[in-house]
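Residue-level structure breakdown
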Amino acid sequence: MQAKLNHLKQIIKEMEAVVVAFSGGVDSTFLLKVAHETLGDHCLAVIGASETMPSADYNNALQQAKEFGAKFLVIETEEMGKEEFVKNAQNRCFHCKNELFTKLLGIAQEKKINWVLDGSNADDLKDYRPGMQAARALGIRSPLQEAGLNKEEIRQLSKKMGLSTWDKPSSPCLSSRFPYGEEITIEKLRRVEQAEALLKELGFANLRVRYHQDMARLEIPKKDFLKLMELDHDTIVKPLKELGFTYVTLDLEGFRSGSLNEGIQIL
């Protein structure tokens, strides 16, 4: 693991100057920390804010960048204005990342920086990740992958570095809560965000609220099933129905990242 970290630092050092796509999650926080320590002011973090990013994640990304003392910019991405994204086909993530990376490349070109980095790790190679196709097409580099670092190793190294994100649950963009083919709207995104915020306030840290038209499918770890079932109607069901859901269901398979990719045909 230490050898991989040393390799990562060498990869970044050789780039001399970088733009880092920064979301405040486990991977991009670790990447930014290492890049900033290696390159100092030659490392620029860019936060891509949009309707698909939970407001809590946006605020956390701002706080992390400021705490590191890293140079950073906030830009607005406009994937919600793109028909290919809104119609939510299986390659939706390609169009989102293409929007983000294209803007980051523009910033890098303006500032005469040769490389744009994202936080994809070695485990991401095992899942359906059309966003990585956009990265490759645009020449974005993924140094965590290049160094062979997986999620667990990144968490362990983050803990050693004292990063508060070391045990943070994964938090992909809100559009990942919708089955492919379900049109994405700002109203639906807000409904999902508010539903997940409610569950987090009730003490559920690792969760997803999957949007199935008038049904909310709750994914939480199986160890939390009893805790959820002990909540009364007014605490959990009523507020979710007030958000516009007719039915509130618990997925008996429990929480699993990327569950909406199960059974899809890879394009």
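Presented here is a report on the structure given in the accompanying data block.

Along the protein chain, the regular secondary structure elements total 11 helices and 7 strands. The globule rule puts the C-alpha radius of gyration for 267 residues at 18 Å, and the 19 Å found for the protein chain is close to it. A principal-axis box enclosing the C-alpha atoms of the protein chain has dimensions of 55 × 40 × 35 Å. When burial is assessed residue by residue, the protein chain has 49% of its 267 residues classed as buried.

Residues Leu8, Val18, Val20, Phe30, Leu32 and Leu149 are the most contacted members of the largest nonpolar core, which totals 31 residues. For this core, the secondary structure elements donating two or more residues are α1 (2-15), β1 (18-21), α2 (26-39), β2 (43-49), α3 (55-68) and α8 (151-160). If one sorts the elements of this core by residue count, α2 sits on top with 7 residues. Here Phe30 is in contact with Leu5, Leu8, Leu144, Leu149, Ile154, Leu157, Ser158, Met161 and Leu163, once residues within four sequence places are set aside. Leu198, Val209, Ala216 and Leu228 belong to the second largest nonpolar core, which has 24 residues in total.

This paragraph deals with the packing of helix α9 (residues 186-201) against helix α11 (residues 233-242). Running from N to C, α9 and α11 cross one another at 170°; their axes reach a closest spacing of 10 Å. Taken together, the axes of α9 and α11 are roughly antiparallel relative to one another. Here Ala195, Leu198 and Leu199 of α9 lie close against α11, whose contacting residues are Thr235, Ile236, Pro239 and Leu240. Taken together, the residues of the contact of α9 with α11 break down into 6 nonpolar, 1 polar and no charged.

So, about the pattern of salt bridges. Under the defined criterion, the tally for this structure stands at 20 salt bridges. Put simply, Arg129 and Asp124 hold a salt bridge, and the shortest N to O gap is 3.2 Å. Between Arg256 and Asp251 there is a salt bridge, with the nearest N and O atoms lying 3.2 Å from each other. According to the relative accessible area criterion, Asp251 is buried, its value standing at 10%. Through salt bridges with shared partners, one network takes in Arg210, Arg217, Glu219, Asp251, Glu253 and Arg256.

A few words now on unusual backbone geometry. Here the phi dihedral of Asn88 falls at roughly 65°; this positive angle occurs in a residue that is not glycine. For Asn88, a relative accessible area of 0% puts it in the buried group. Here Lys112, not a glycine, exhibits a phi torsion of approximately 60°, which is positive. Note on Lys112: relative accessible area 73%, which makes it exposed.

Let's shift gears to the packing of aromatic side chains. All told, the structure shown has 2 aromatic pairs when counted by the stated rule. With 5.0 Å between their ring centres and 40° between their planes, Phe178 and Tyr211 make a pair best called tilted. In this pair, Phe178 sits in the loop between α8 and α9 while Tyr211 sits in strand β5 (residues 208-212), placing the two residues 33 residues apart along the sequence. Across this residue pair, the class does not change: Phe178 and Tyr211 are buried. Lying across the ring of Phe204, Lys227 places its NZ or CZ 4.7 Å from the centre.

All right, on to the side chain of Thr29 then. With respect to the helices and strands, the residue Thr29 is situated in helix α2. Given a relative accessible area of 0%, Thr29 falls into the buried group. Here the side chain of Thr29 touches Gly24 through a polar contact of 3.3 Å, landing on its backbone oxygen. Excluding residues within four positions of it along the chain, Thr29 makes contact with Phe22, Gly24, Gln64, Phe68, Leu163 and Thr165.

Reading the values: rules and limits
- Every chain's residues receive numbers from 1 upward, in the order its sequence appears when written.
- Local features are withheld for residues below a pLDDT of 70 in this predicted model, meaning they are given only at 70 or higher, and side-chain atom pairs are given and counted only at 80 or more; totals for whole chains, interfaces and linings count all residues.
- As a convention, hydrogens and water are excluded, and side-chain values are obtained from all of the structure's heavy atoms.
- Segments assigned H or I by DSSP are reported as helices when at least four residues long, segments assigned E as strands when at least two residues long, and all are numbered from the N terminus.
- As defined in this context, the radius of gyration uses C-alpha atoms, and a globule is described by 2.2 Å times the residue total to the power 0.38.
- For every residue, the accessible area obtained with a 1.4 Å probe (protein chains only) is divided by the maximum for its type, and the residue is called buried under 20%, exposed over 50%, and partly exposed between those limits.
- Take the buried Ala, Val, Leu, Ile, Met, Phe, Trp, Tyr and Cys residues and link them wherever side-chain atoms come within 4.5 Å; each set so joined is a nonpolar core.
- By definition, residues are in contact when any of their heavy atoms lie within 4.5 Å.
- Here, axes are lines fitted to C-alpha atoms. For helices the fit covers the stretch in contact, and angles between N-to-C directions go from 0 to 180 degrees.
- Every angle not falling under 35 degrees, over 145, or within 65 to 115 is termed oblique; those three ranges are roughly parallel, roughly antiparallel and roughly perpendicular.
- When residues are sorted by character, Ala, Val, Leu, Ile, Met, Phe, Trp, Tyr, Cys and Pro go into the nonpolar class, Asp, Glu, Lys and Arg into the charged class, and all the rest, Gly among them, into the polar class.
- When a carboxyl oxygen of Asp or Glu lies within 4 Å of a side-chain nitrogen of Lys or Arg, that pair is called a salt bridge.
- Only rings of Phe, Tyr and Trp enter the pairing, Trp through its six-membered ring, and a pair is recorded when the two centres are within 6.5 Å. The plane angle decides the type: under 30 degrees is stacked, over 60 is edge-to-face, the rest tilted.
- Working rule: Lys NZ or Arg CZ, within 6 Å of ring centre, within 35 degrees of ring normal, means a charge sits over the ring.
- Under this definition, polar contacts are N or O atom pairs within 3.5 Å; protein pairs additionally need one hydrogen-donor-capable and one acceptor-capable atom, and for neighbouring residues in sequence, both atoms have to be side-chain atoms.

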